[in-house]
Amino acid sequence: MKKIKKPLIAIFIIANLYAILCGGLYFFQDNLIFHPQQLPQEYAFDFDGDYKEVWVDAPDGARLNGLHFTVTNPKGVILYHHGNAGSLAQWGQIAQPFVQKGYAVIIMDYRQYGKSGGALTEAALYDDSLLWYAFAKAQYPTTPITSYGRSLGTTFATYVASKKEVTKLVLETPFYSILDEAQSRFSILPVERLLNYRLPTYSFINEVTAPITIIHGTEDSVVAYEHGKALYDSITTTTKTFVTVPGGDHNNLSEFEAYKKATAALFE
């Protein structure tokens, strides 16, 4: 009997651990995907150059916060969708190199990030991205708009480019889908049944008609280089360019010459 009980106990323990892992992924998936920094409403941004704080109101009552960096007679407008951590308190700095090249920049905080409110859902994030496009278009009716995404923001940048007219789509450290990312990290779990989010960049990208540039570092420790390459390989409908940054990680691409050359060519 003892020989029979020990295997049963082991199976019981393993099954319970597996159930705990499944429950952890399901109930804490928002914390795994999103890492927002929340800011008090009275927080004052402090960046160089000319910019103003702007707001967009969503149909469900959510107020969404953004920054609009302006230049005189801009060459174009960059609608920038940032990564999954922080807030505009840090991400606002990303505008400076583009502004110096003569581009206006509109960059927004997602729901629950910075000063932005509202319930965080995948559908709402897509809708919000179109609201920000509409804001950009209202400010610059005839100026070329670039949809630019970084990491988490690459899905929303791609979604915008699939639905609206843009001059180009630029994706920095993109993933194929968040489901694909989760499956690569939690391969023993039934991720497809547990995950509420899909963020299927691959399903939007072939609806884009504008030229697409993907930039990815070979040493990316967050989104594997191979995942960005898989997204690139899936593109069949438009002009595409893949920029490899040898040695580049997820958060330091701007330090590498390959990145500097690529962005210089894109934003002359």
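Residues numbered from 1 in each chain as written. Predicted model: local features only at pLDDT ≥ 70, side-chain atom pairs only at ≥ 80, totals over all residues. Heavy atoms only, no water.

1. A short note on the pairing of strand E9 (residues 212-217)
Counted only if it meets this: The rule is simple: take the accessible area with a 1.4 Å probe, protein chains only, and divide by the maximum for that residue type; under 20% is buried, over 50% is exposed, in between is partly exposed. Helix and strand definitions follow DSSP, with helices as H or I runs of at least four residues and strands as E runs of at least two, each counted in order from the N terminus. Pairing between two strands is assigned when DSSP locates at least 2 bridges connecting them. Throughout, right-handed denotes a crossover for which the path from the first strand over the helix to the second runs clockwise when the strands point away from the viewer.
Of all six residues that make up E9, six are buried, and the element is covered over most of its length. Side chains Ile212, Ile214 and His216 project from E9 onto one buried face, and the interleaved Thr213, Ile215 and Gly217 project onto a second face that is buried too. In terms of strand pairing, strand E8 (residues 168-172) meets E9 through four bridges, oriented parallel. Pairing of glutamate 172 across the sheet is with isoleucine 215, part of E9. Where E9 and strand E10 (residues 240-245) come together, six bridges link them in parallel fashion. When the sheet's bridge partners are listed, isoleucine 214 is paired in E10 with phenylalanine 242. For the handedness criterion, the β-α-β arrangement of E9, helix H10 (residues 225-233) and E10 is classed as right-handed.

2. What about the packing of helix H5 (residues 122-139) against helix H6 (residues 153-163)?
Our working rule: Lines fitted to C-alpha atoms define the axes, with helix axes restricted to the stretch in contact, and inter-axis angles between N-to-C directions lie between 0 and 180 degrees. Oblique is the label for any angle not covered by the other classes, which are roughly parallel (under 35 degrees), roughly antiparallel (over 145) and roughly perpendicular (65 to 115). Each crossing is labelled by how the near helix is turned from the far one, with a counterclockwise turn of less than a right angle marking it left-handed and a clockwise turn marking it right-handed. Note on contacts: a residue pair qualifies if any of its non-hydrogen atoms lie within 4.5 Å across the two residues. Residues were grouped as follows: Ala, Val, Leu, Ile, Met, Phe, Trp, Tyr, Cys and Pro as nonpolar; Asp, Glu, Lys and Arg as charged; and all remaining residues, including Gly, as polar.
With their axes 9 Å apart at the nearest point, H5 and H6 run at an angle of 60 degrees to one another. The pairing of H5 with H6 is recorded here as oblique in orientation. Note on packing geometry: the crossing formed by H5 with H6 is right-handed. From H5, Leu125, Tyr126, Ser129, Leu130 and Tyr133 reach across to H6, where they touch Thr155, Phe156, Tyr159, Val160 and Lys163. Considering only residue class, the contact of H5 with H6 consists of seven nonpolar, two polar and one charged.

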